[in-house]
Amino acid sequence: MSLIDDKSIFTAMKQNGPFAVTDGFTLGRPFSRQTRAWARQFGDDRLLVTKYRVVRAQIFDFLQIEDFQEIPRLLADANARARRSEQACLLLGNQFGIAGSTSEIRSKIKEYAQTADAVINQLRTKLLAPYASHIETSNEIETTHDPVDLLLRVFDDRFHMKTRFEAKRKLVLMNLAGSIDQRERETDIENKFYTFLEFLNRNVWSPQLKIGQLETAYLLSRHDPDDFRCLDVKVVDAASRAHLKDLAEGEKLTLLKRRVFQDGGHDIPVYVSVRKKDSAAKVLKLLRKNEKNPAVAVDDELGLMAVLDSISDVKRFVRHMTRSAIKSGSLMTLEDISDTLTGGYYHSDTIGSSSQTPMLKFFARMGGMRVELIIHTNQSYLNYRFQRDIAHDEYEVKRIFDSGVAEFLFPGDIYNLDMEQIRQTLLDKFRRQIEDSGRLHENIG
């Protein structure tokens, strides 16, 4: 399901829908030629008409007006806008369950605005960095946090079409950020993340090492010239790495900083990445899933990825985790298990992902938390990083473009970008970066 097709639930954002931002428009002229043409275009779709009426009613309620004709007067009256802003602040505070004074509610709403900006800036500075100047948000919108001011700018013909679209987009992203914040407060995710880290430090990692102590290792790997899958890999310690010569064609050297856990009297190294999704990442996931409810779409707020030397070490690590949970006073149950490390098949519904990606994946429920665990061997981790059509960098591109998020946030008629061409250009760029070999270099893991 694409974010921009007929099944999109974000009706107000679609540039081929009734709330499309156009270059010129008029308010309060229901019988103009432009208005009649607009009505003919959408009038036969009864569901779309109903959605339009719902959104229009929300706009009127939010601005405390009865008709679009009142907007020009509201734009000209600073005192009236201030009163609307005050009322809107209270309404939003109740909607998202924000307790406190008006200033505290405004502070939260400003956080939502900053999250909305972060969504765009995250794409602009990372995945879409080569096109940063094309998609940069207008200063007039990035510096505006008041939702009433943003909504009024959507209908203010003094602002350019791109600026008015960005005002609408920021409001939509702020609404998602508010839903995410409400969900995080309900689930107490910040404290759970801290509790999970404490569980790992107290019960999982070797007590012989200090908290946060890491051991440096390198994976020297050889890759197939056809699809760049990992053919073989060996672990190289820091001393041996110093004597390595330049890499041959198809070879990679990947740095891992590993922790240690003890099992049966043996020290077993494991590279671990623990993460809590930030609000901007959660907003992007809601968009990719074409969903507004974070309780439905964001089920992996807490996650751990582990990389071990062998499948036997993987099994020992999982068993060590369940025993460590018992030691901490909680049963650990494993849910939604998929295991393709030994050749099984995993069907993923996630846009852009590949069913060929080998891994052990499950959710661990313990101590009032539900944590997603993804576990690799060294070889499957290198495939996850580098193999063609599987590599994570390629996956990042595919899920943003194939889900429709790129076109949704940066529509072609506003930004004059060919998203299909950009998608292929980025895939080619990441593939060249991955397969570039010849000199000895490190890929930070």
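Residues numbered from 1 in each chain as written. Predicted model: local features only at pLDDT ≥ 70, side-chain atom pairs only at ≥ 80, totals over all residues. Heavy atoms only, no water.

A.B. asks: Sorry if this is basic, but what is going on with the packing of aromatic side chains here?
C.D. replies: Two measures describe an aromatic ring pair: the distance that separates the ring centres and the angle between the ring planes. All told, the structure shown has 12 aromatic pairs when counted by the stated rule. Ring geometry for Phe96 and Tyr112: centres 5.7 Å apart, planes at 75°, overall edge-to-face. Separated by 16 residues along the polypeptide, Phe96 in the loop between α4 (78-95) and α5 (102-125) and Tyr112 in helix α5 bring together distant segments of the chain. The interplanar angle of 55° and the centroid separation of 5.9 Å between the aromatic rings of Tyr271 and Tyr381 together place this pair among those described as tilted. (Phe/Tyr/Trp six-rings, centres within 6.5 Å; stacked < 30°, edge-to-face > 60°. Helix = DSSP H or I, 4+ residues; strand = E, 2+ residues; numbered from the N terminus.)

A.B. asks: I keep staring at the packing of helix α9 (residues 161-187) against helix α12 (residues 279-288) and nothing clicks. Help me out?
C.D. replies: Describing two packed helices takes the angle between their axes plus the distance from one axis to the other. Viewed as axis vectors pointing N to C, α9 and α12 meet at an angle of 115°, and their least axial separation amounts to 9 Å. Relative to α12, α9 is oriented roughly perpendicular. The two elements α9 and α12 meet at a crossing, and its hand is right-handed. Contacts between α9 and α12 involve Leu173, Leu176, Ala177, Ile180 and Glu184 on the former and, on the latter, Ser279, Lys282, Val283, Leu286 and Leu287. (Axes fitted to C-alpha atoms, helices over the stretch in contact; angles between N-to-C directions. Parallel < 35°, antiparallel > 145°, perpendicular 65-115°, else oblique. Left-handed = near helix turned anticlockwise from the far one by under 90°. Contact = heavy atoms within 4.5 Å.)

A.B. asks: What exactly am I supposed to notice about the environment of Phe362 here?
C.D. replies: For Phe362, the location among the structural elements is in strand β7 (residues 360-366). Residue classification places Phe362 among the buried residues on the basis of a relative accessible area of 3%. A sequence separation of 12 residues divides Phe362 from Ile374, and the C-alpha atoms of the two residues are 6.8 Å apart. Once residues within four sequence positions are removed from consideration, Phe362 is found in contact with Val318, Leu334, Glu335, Asp336, Ile337, Val371, Glu372, Leu373 and Ile375. (Buried < 20%, exposed > 50% of the residue type's maximum accessible area, 1.4 Å probe, protein only.)

A.B. asks: Please clarify how unusual backbone geometry should be interpreted in this entry.
C.D. replies: Generally, phi is negative for residues other than glycine and the peptide bonds are trans, each holding for most cases. One non-glycine residue, Phe228, lies in positive phi territory at about 60°. Along the chain, the position of Phe228 falls in the loop between β1 (215-223) and β2 (230-237). With a phi close to 55°, Asn416 is a non-glycine residue in the positive phi region.

A.B. asks: Can you help me understand the pattern of salt bridges in this one?
C.D. replies: Side chains that differ in sign of charge can pair as their charged atoms come close. For the structure on display, the rule yields 29 salt bridges. Ionic pairing is found between Arg185 and Asp181, a salt bridge with its closest N-O pair at 2.9 Å. Separated by four residues within a single helix, Arg185 and Asp181 lie in helix α9, roughly one turn from each other. Of the charged contacts in the structure, one is a salt bridge between Glu372 and Lys361, with a shortest N-O distance of 3.5 Å. Of this pair, Glu372 sits in strand β8 (residues 369-377) while Lys361 sits in strand β7; the two residues are 11 residues apart in sequence, bridging distant segments of the chain. (Salt bridge = Lys/Arg side-chain N within 4 Å of Asp/Glu carboxyl O.)

A.B. asks: In this structure, what is going on with the side chain of His376? I would like to understand it.
C.D. replies: Its place among the elements puts His376 in strand β8. In terms of polar contacts, His376 uses its side chain to reach the backbone carbonyl oxygen of Pro358, at 3.3 Å. With sequence-adjacent residues up to four places away left out, His376 is seen in contact with Met305, Ala306, Val307, Leu308, Val314, Leu341, Pro358, Met359, Tyr381 and Tyr384. (Polar contact = N/O pair within 3.5 Å; in protein donor to acceptor, adjacent residues only side chain to side chain.)

A.B. asks: Please explain the nonpolar core as it appears in this structure.
C.D. replies: In summary, soluble globular proteins display a tendency toward joint burial of nonpolar side chains. Counting 72 residues, the largest nonpolar core has Ile59, Leu63, Leu128, Leu287, Phe401, Leu409 and Phe410 as its most contacted members. Top contributing element to this core by residue count: α9, with 10 residues. With residues near it in sequence (within four places) discarded, Phe410 still touches Ile120, Leu123, Leu128, Ile135, Arg169, Tyr415 and Met419. Grouped together as the second largest cluster of nonpolar side chains are 30 residues, Ala306, Phe317, Leu341 and Ala364 included. (Core = buried A, V, L, I, M, F, W, Y, C linked by side-chain atoms within 4.5 Å.)

A.B. asks: Explanation requested: helix α10 (residues 189-204) in the structure shown.
C.D. replies: It helps to recall that an α-helix has 3.6 residues per turn; residues three or four apart then point in one direction. Along its 16 residues, α10 runs 21 Å from first to last C-alpha, staying within 8% of the 22 Å computed at 1.5 Å per residue. Among all positions in α10, only Ile189, Phe193, Phe196, Phe199, Leu200, Asn203 and Val204 are buried. Buried residues along α10 cover an arc of 130° about the axis, so they all sit on one side. Every exposed residue of α10 that faces more than 90 degrees away from the buried side is listed here: Tyr194 and Arg202. (Expected span 1.5 Å × (residues − 1). Arc of directions from axis to C-beta.)

A.B. asks: What is the right way to read the environment of Glu435 from this model?
C.D. replies: Topologically, Glu435 is positioned in helix α19 (residues 419-435). The exposure class assigned to Glu435 is buried, which follows from its relative accessible area of 18%. Considered as a pair, Glu435 and Glu251 are 184 residues apart in the sequence and their alpha carbons are 8.6 Å apart. Excluding anything up to four places from it in sequence, Glu435 contacts Phe228 and Arg388. A polar contact of 2.9 Å, which involves the side chain of Glu435, links it to the side chain of Arg431.

A.B. asks: Looking at this structure, how should I read the environment of Gly412?
C.D. replies: As for its placement among the helices and strands, Gly412 is situated in helix α18 (residues 412-415). When the C-alpha atoms of Gly412 and Gln15 are compared, they prove to be 9.2 Å apart, with 397 residues separating the residues in sequence. With residues near it in sequence (within four places) discarded, Gly412 still touches Glu407 and Leu417.

A.B. asks: Just to check I follow, could you spell out the packing of helix α8 (residues 147-154) against α9 for this structure?
C.D. replies: Packing of α8 against α9 brings their axes to within 7 Å, and their N-to-C directions diverge by 140°. When the axes of α8 and α9 are compared, the pair comes out oblique. In this structure, α8 crosses over α9, and the sense of that crossing is left-handed. For the pair formed by α8 and α9, the contact residues are Pro147, Leu150, Leu151, Arg153 and Val154 on the first element and Arg164, Ala167, Lys168, Lys170, Leu171 and Met174 on the second. A class-by-class count of the residues in the contact of α8 with α9 yields seven nonpolar, no polar and four charged. (Nonpolar A, V, L, I, M, F, W, Y, C, P; charged D, E, K, R; others polar.)

A.B. asks: Can you walk me through the pairing of β7 in this structure?
C.D. replies: Along any regular strand, the residues point their side chains to alternate faces of the sheet. Counted residue by residue, β7 has five buried out of seven residues, so it is predominantly covered. Pairing between β7 and β8: seven bridges, direction antiparallel. Bridging across to β8, Met366 finds its partner in Met369. (Pairing = 2+ DSSP bridges.)

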